[in-house]
Amino acid sequence: LSFAAVVAILVYGPAVRRRERAPSVARTAIELSFLCWAVSTPIVVQHFGRLTVYGAAATLVTAPLATVIVATGLAGAAMVAAGLDGCGGMLFTLGAWAAEWLLRAAHGFASLPGAELRVIAPGPVVAAAAALAPFSLLVSGRMRRAAVLGTVGVIAVAAATAARERYREDVLDV
């Protein structure tokens, strides 16, 4: 999941710079949260059979907290390594507070009505195609329509094939 999200972030940056010179921070954060959710959701659905409805919103809220956790953890470790245990301990405490708030936010999103839907795993081909689908939206110029239509076509054919295999008469257990 992290690998898929990092690839999405790395692909998104140059695509947004081609689109506009100075994108707003809020717009970029919203787009990145949605993109990371859209890329990782098919993988989650394939492996766990669950769809998180509020994933993009949760990412948008918790990403700053995760940044604080990582930064204070790294800085705290550097302080401890440099012999400044007291300073490192304060940074670890700050990181622990941020982690507590992140967990509260995650529990809050998870407790919302309809936060998680149980779904049938679509199969690895459909999941892979669906995970790649958001990248087709980042293609610019004349190739964008072809990329989007090609991705939708691959998902449709793979989904139809998976459905046919899943519901074949000779393997149904009724």
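Residues numbered from 1 in each chain as written. Predicted model: local features only at pLDDT ≥ 70, side-chain atom pairs only at ≥ 80, totals over all residues. Heavy atoms only, no water.

## Here's the deal with the side chain of Thr-72
In plain terms, the rule: Helix numbers and strand numbers start at the N terminus; a helix is a DSSP run of H or I with at least 4 residues, a strand a run of E with at least 2. N or O atoms within 3.5 Å of each other form a polar contact, as long as, within protein, one can give a hydrogen and the other can take it, and as long as residues adjacent in sequence are counted only when both atoms are side-chain atoms. Pairs of residues are marked as contacts when any of their non-hydrogen atoms sit within 4.5 Å.
Structurally, the position occupied by Thr-72 is in helix 3 (residues 55–81). Separated by 3.2 Å, the side chain of Thr-72 and the backbone oxygen of Ile-69 make a polar contact. Ignoring anything within four residues of it in the chain, the contact list for Thr-72 reads Leu-91, Phe-92, Leu-94 and Gly-95.

## Digging into the confidence of the model for the protein
Just so we agree on the cut-off: pLDDT is a residue-level measure of predictor confidence that goes from 0 to 100.
The share of residues in the protein with pLDDT of 70 or more is 78%, and the mean pLDDT across the chain is 79. Taken element by element, the predicted model of the protein shows its lowest mean pLDDT in helix 6 (residues 143–166) (69) and its highest in helix 4 (residues 85–110) (94).

## Some words on the layout of surface pockets
Using the following cut-off: The method works on a 1 Å grid over the protein atoms by themselves. A cavity is a set of points holding a 1.4 Å probe that cannot get out, a pocket is an open set with protein on both sides within 12 Å along at least five of seven lines, and residues with an atom within 4 Å of a point line them. Grid points are joined across faces, edges and corners, and a volume is the space filled by probe spheres set on the points. Lys, Arg, Asp and Glu make up the charged group, whereas Ala, Val, Leu, Ile, Met, Phe, Trp, Tyr, Cys and Pro make up the nonpolar group; the residues left over, Gly among them, are polar.
Estimated volume of the largest pocket: approximately 620 Å³. Lining of the largest pocket is provided by 21 residues; of these, Trp-37, Ser-40, Thr-52, Gly-55 and Thr-59 occupy positions nearest its centre. Among the elements that line the lining of the largest pocket, the one with the most residues is helix 2 (residues 25–48), at five residues. Each residue belonging to the lining of the largest pocket can be placed in one class, and the counts come to 13 nonpolar, seven polar and one charged.

## Let's talk about the nonpolar core
In plain terms, the rule: For this analysis, a nonpolar core means a set of buried residues of the types Ala, Val, Leu, Ile, Met, Phe, Trp, Tyr and Cys, connected via side-chain atoms within 4.5 Å. Relative accessibility thresholds used throughout: buried, under 20% of the residue-type maximum; exposed, over 50%; partly exposed, between the two (1.4 Å probe, protein chains only).
Ala-4, Ala-8, Tyr-12, Leu-35, Val-39 and Phe-135 together form the largest nonpolar core, which totals six residues. Only helix 1 (2–19) and helix 2 provide two or more residues apiece to this core. A per-element tally of this core places helix 1 first, with three residues.

## Comments concerning the environment of Phe-48
The residue Phe-48 is located in helix 2 in this model. C-alpha of Phe-48 to C-alpha of Ala-121: the two residues are 73 residues apart in sequence and 7.6 Å apart in space.

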